[in-house]
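Take a look at the letters that make up each chain.
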Amino acid sequence: MFVYLSNFDEFSDIVQRNQIANVLQTQISDKLGMNVSPSEVNSWHNSLVFMRNALDLAGTPGDSGIAVEFQIPLTSKRVDVLVSGIGPAGTKNVVLVELKQWSSAEKSDKEDLVKTVLGGSLVETTHPSYQAWSYATFIADYNEAVQTKHIQLQPCSYLHNAVDPHVFKDSQYSTALQKAPLFLRDEVDELGEFISSFVHKGDHGEALYEIEKGRIRPSKALIEYLDSLLKGNDEFILLDEQKVAAETILVLDKVAQFGKRQVLIVEAGPGTGKSVLAINLLGRLTANHRVAQYVTRNTAPRQVFEFKLTGSYRQSRIRNLFKSAGSYINARPRSIDVLLVDEAHRLSPKSGPNGNLGENQVKEVINASNLAVFFLDEAQQVLLKDIGSRREIEHWAEHYEADVTHIELESQFRCNGSDSYIAWLDHILQVRSSANLNFRDINYDFRVFDSPVELYDDIEAIDKTQHSARVVAGYCWEWVSRRDPNLYDIHIDEHDFRKRWNLSDDGNFWIIKSESISEIGCIHTCQGLELDYVGVIVGDDFVVRDGAIVTNPDARAKGDQTIRGYKTQLAREPEKTLEALDHIIKNTYRTLMTRGMKGCYVYCVDRETNEYFKRQLARMMN
């Protein structure tokens, strides 16, 4: 949807009369039902004057199409300016311009990201050229008119307040700059030449009208690209019950195309191949020309699976297939064919960095889709605000009059295929009791260490040969290295053990970057992912006294978001809140101890707790 669509002559006149911001403000209110912040109004006043001057210097024909604020379908993103016309060779061209008021930035050590001041503080955000390229790629991949009418999209970025190329044109951004050139304040002539090379004659906005009317469908190029990534990738081959579930989902997709909304709840424990199934289906549905997206609340699984498909840490065109759970706040009803929600138990009532956006992520997912598939394991809820549950999903399915189907996956792919290990772990963590447990025949390496140094050394040795072992811990130590990278976060002085959390350098790629073995992971960067071996440091939030597990939320780090606001809830509903806290802390360690496919090594800070795990292991081995 275009907020403003006209030709260059009219656009130029409105800008010269200082009316463009008023026109845009009215149009956004009428078309999108949104209020506009004063800062955005000011950005229009400033940036569009520079844009108009650049187009004028380019000799842009008066009948060239001009669009401002194009909302990209299936997203909340908007392209600043689009210019349409005919190229020298007679091609239909649309130039996309990402406008920025930035005057400076700092380099980031992350691919395609820069640091700049936004909202009064220094934040990491995408490089303007990457942003322009990603928008153009998404439109090309999903707009049928672009594909069938052979419209060529030419992205670029224009930083009209910036003069120093040192950061913006650094060699580390060369790939993004090749795909979408960046122009600074003193390079307005170069920007004009770029535009005029594609907009030689006017087209009366025909290409823009065709884009606005174009159906949303994955392109042949995207289908072939995704197919090439999945083909031959053994990690995403389906087995047994996964295959049955996949075929069921494909049938429900066909039903949803022509009838009622469909909701599928796939209940599956650790290692049942939920993520493998979701990624495989993402490829198959896209190949069937369906608009499908893989959804998680946590960023880590999305980025790791993108890496496993592409083999690169660089952001790729398939990133548009991987979405956060908060992406559907303003989505139109049934605008997306299929949403595949992995780790659905982690959905929450609100979205956004401050948890103040939207209404309910379960509701928003069902509203946005024809078919919503929820991969669910309620035993992995690890935040007080996690609301993903069978009951919650069924409630909103009924609200939207959707048919509900249930599937349960039981085959274990983690923990060496052992249901017995999961049952034994639930028993010793006192999550649920099990009888007649026998650990002797389980081909799974579970050990308890008397020292975190020994545990870490063994995990590090395994990683050197297998490259799939990490140490994780309960979030019982403050993240002090966030502000001072020279400090250590995790201190166990008795053993002279000092390590840093993984959250600074490698972030969500910690679990797969080889050099990150020196850091300690937490629940936020390993849930939904797997290793061959995991080492788990159990903090003082989980202790054993006289054979009974006692959970202590006060031992969690103050910066831990998983139980944020619990003291207020305790004052209001003490019994219910204590039960929820106990549930979350036990689930956290259950989740950490099921990340390893071949083995789990444990060290408990509390000695009595460490002895408890030793006794439980010895009892099972006899």
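Residues numbered from 1 in each chain as written. Predicted model: local features only at pLDDT ≥ 70, side-chain atom pairs only at ≥ 80, totals over all residues. Heavy atoms only, no water.

Caption draft 1: Quick look at the overall build of the protein chain. Scanning the protein chain for helices and strands turns up 20 helices and 24 strands. Over its C-alpha trace the protein chain gives a radius of gyration of 27 Å, about what one expects of a compact globule, namely 25 Å for 622 residues. Taking the principal axes of the C-alpha coordinates as reference, the protein chain spans close to 85 × 55 × 50 Å. Counting over 622 residues, the protein chain shows a buried share of 56%. The long-range fraction of contacts in the protein chain, counting pairs at least 24 apart against all pairs at least 6 apart in sequence, stands at 74%. Summed over its atoms, the accessible surface of the protein chain is roughly 26400 Å², and 46% of this surface lies on carbon and sulfur atoms. For the protein chain, the separation between the mean place of its 69 positive charges and that of its 87 negative charges on side chains is 2 Å. (Helix = DSSP H or I, 4+ residues; strand = E, 2+ residues; numbered from the N terminus. Rg over C-alpha atoms; globule rule 2.2 N^0.38 Å. Buried < 20%, exposed > 50% of the residue type's maximum accessible area, 1.4 Å probe, protein only. Contact = heavy atoms within 4.5 Å. Areas by Shrake-Rupley, 256 points an atom, 1.4 Å probe, with all protein chains shown as cover. Lys, Arg positive; Asp, Glu negative; His and termini not counted. Charge placed at Lys NZ, Arg CZ, Asp CG, Glu CD.)

Caption draft 2: Main features of the layout of surface pockets. Put simply, the second largest pocket is a space of about 560 Å³. Surrounding the second largest pocket, 17 residues form its lining, Gln-381, Leu-384, Asp-386, Lys-576 and Ala-580 being those nearest its centre. Of all elements in the fold, only helix H15 (390-399) and helix H19 (574-592) reach the threshold of two or more residues within the lining of the second largest pocket. By residue class, the composition of the lining of the second largest pocket is five nonpolar, five polar and seven charged. (1 Å grid on protein atoms, 1.4 Å probe; cavity = no way out; pocket = protein on both sides within 12 Å on 5 of 7 lines; lining within 4 Å. Points joined across faces, edges and corners; volume = space filled by probe spheres on them. Nonpolar A, V, L, I, M, F, W, Y, C, P; charged D, E, K, R; others polar.)

Caption draft 3: Just the nonpolar core, in detail. In terms of nonpolar packing, the biggest core is built from 142 residues, with Phe-374, Phe-446, Met-593 and Phe-613 touching the most fellow members. Once you skip the residues sitting within four places of it in the chain, Phe-613 turns out to touch Ile-428, Leu-429, Phe-446, Val-448, Phe-542, Met-593 and Cys-604. With 34 residues, the next largest nonpolar core counts Val-3, Leu-55, Val-95 and Val-97 among its residues. (Core = buried A, V, L, I, M, F, W, Y, C linked by side-chain atoms within 4.5 Å.)

Caption draft 4: Main features of the environment of Val-453. Counting through the fold element by element, Val-453 comes out in helix H17 (residues 452-466). Look at Val-453 and you get partly exposed, because its relative accessible area is 28%. Taking the C-alpha atoms as reference points, Val-453 and Ile-492, separated by 39 residues in sequence, lie 9.6 Å from one another.

Caption draft 5: Seen up close, the sheet that holds strand S9 (residues 182-184). Spatial ordering of the open sheet is given by S1-S2-S3-S4-S8-S9, a layout of six strands whose pairing is mixed. Edge positions in the open sheet fall to strand S1 (2-7) and S9, since each of these has one partner strand only. Along the sheet, successive strands turn relative to each other by an average axial angle of 25 degrees, direction set aside. Set on the sheet, helix H1 (residues 8-16) makes contact with S1 and strand S2 (65-71); between it and S1 the angle comes to about 110 degrees. Its contacts with the sheet put helix H8 (residues 188-198) on strand S3 (78-86), strand S4 (92-100), strand S8 (151-159) and S9, and the angle it makes with S8 is roughly 170 degrees. (Pairing = 2+ DSSP bridges. Axes fitted to C-alpha atoms, helices over the stretch in contact; angles between N-to-C directions.)

Caption draft 6: Structural view of the sheet that holds strand S24 (residues 596-604). Taken in spatial order, the seven strands line up as S16-S24-S21-S17-S20-S19-S18 in an open sheet, and their pairing is mixed. Each edge of the open sheet is held by one strand with a lone partner, namely strand S16 (445-448) and strand S18 (490-492). Between one strand axis and the next, the sheet turns by 30 degrees as a mean value, whatever way the strands run. The sheet contact formed by strand S17 (residues 469-473) and strand S21 (residues 531-538) spans five bridges and is parallel. Bridge pairing links Ala-473 to Ile-537 in S21. Strands S17 and S21 of the sheet are contacted by H19, whose axis makes an angle of about 145 degrees with S21.

Caption draft 7: Broad picture of the packing of aromatic side chains. Per the counting criterion, the structure on display carries 20 aromatic pairs. With 5.7 Å between their ring centres and 50 degrees between their planes, Phe-183 and Phe-194 make a pair best called tilted. Of this pair, Phe-183 sits in strand S9 while Phe-194 sits in helix H8, placing them eleven residues apart in sequence. The class of Phe-183 is buried, set by a relative accessible area of 8%. Judged by centre distance (6.5 Å) and plane angle (65 degrees), the rings of Tyr-456 and Phe-497 are edge-to-face. With a gap of 41 residues between them, Tyr-456 in helix H17 and Phe-497 in strand S19 (residues 497-501) connect regions that are remote in the sequence. For Phe-497, a relative accessible area of 4% translates into the label buried. Positioned over the ring face of Trp-133 is Lys-179, at 4.0 Å from the centre of the ring. (Phe/Tyr/Trp six-rings, centres within 6.5 Å; stacked < 30°, edge-to-face > 60°. Lys NZ or Arg CZ within 6 Å of the ring centre and 35° of its normal.)

Caption draft 8: Representation of the pairing of S17. Counting buried residues along S17, five of its five residues qualify, which places the element largely inside the surrounding structure. Alternating positions in S17 separate into two faces, Ala-469, Val-471 and Ala-473 on one and Arg-470 and Val-472 on the other, with burial throughout. Judged from the two bridges that link them, S17 and strand S20 (residues 519-521) form a sheet pairing that is parallel. Residue Val-472 lies in a different strand from S20, and its bridge partner there is Gly-521.

Caption draft 9: Up close: the packing of helix H14 (residues 361-368) against H15. In contact at an axis separation of 9 Å, H14 and H15 are set at 45 degrees when each is read in the N-to-C sense. With respect to H15, the axis of H14 lies oblique. Considering only the axes of H14 and H15, their crossing is right-handed. Across the interface between the two elements, Val-362, Lys-363 and Ile-366 from H14 touch Glu-392, Ile-393, Trp-396, Ala-397 and His-399 from H15. (Parallel < 35°, antiparallel > 145°, perpendicular 65-115°, else oblique. Left-handed = near helix turned anticlockwise from the far one by under 90°.)

Caption draft 10: The environment of Leu-529, seen in detail. Checked against the element boundaries, Leu-529 lands in the loop between S20 and S21. Of the residues examined, Leu-529 reaches a relative accessible area of 3% and is grouped as buried. Along the sequence, Leu-529 and Arg-185 sit 344 residues apart, while their C-alpha atoms lie 45 Å from each other.

Caption draft 11: Structural detail: the pattern of salt bridges. Counted according to the given criterion, the structure contains 37 salt bridges. Close ionic contact of Arg-52 with Asp-56 constitutes a salt bridge, the shortest N to O distance being 4.0 Å. Of the two residues, Arg-52 and Asp-56 are both situated in helix H3 (residues 38-57); the distance of four residues between them amounts to about one turn of the helix. Looking at Arg-52, the relative accessible area reads 13%, which means it is buried. On the basis of relative accessibility, which here comes to 43%, the residue Asp-56 falls in the partly exposed class. (Salt bridge = Lys/Arg side-chain N within 4 Å of Asp/Glu carboxyl O.)

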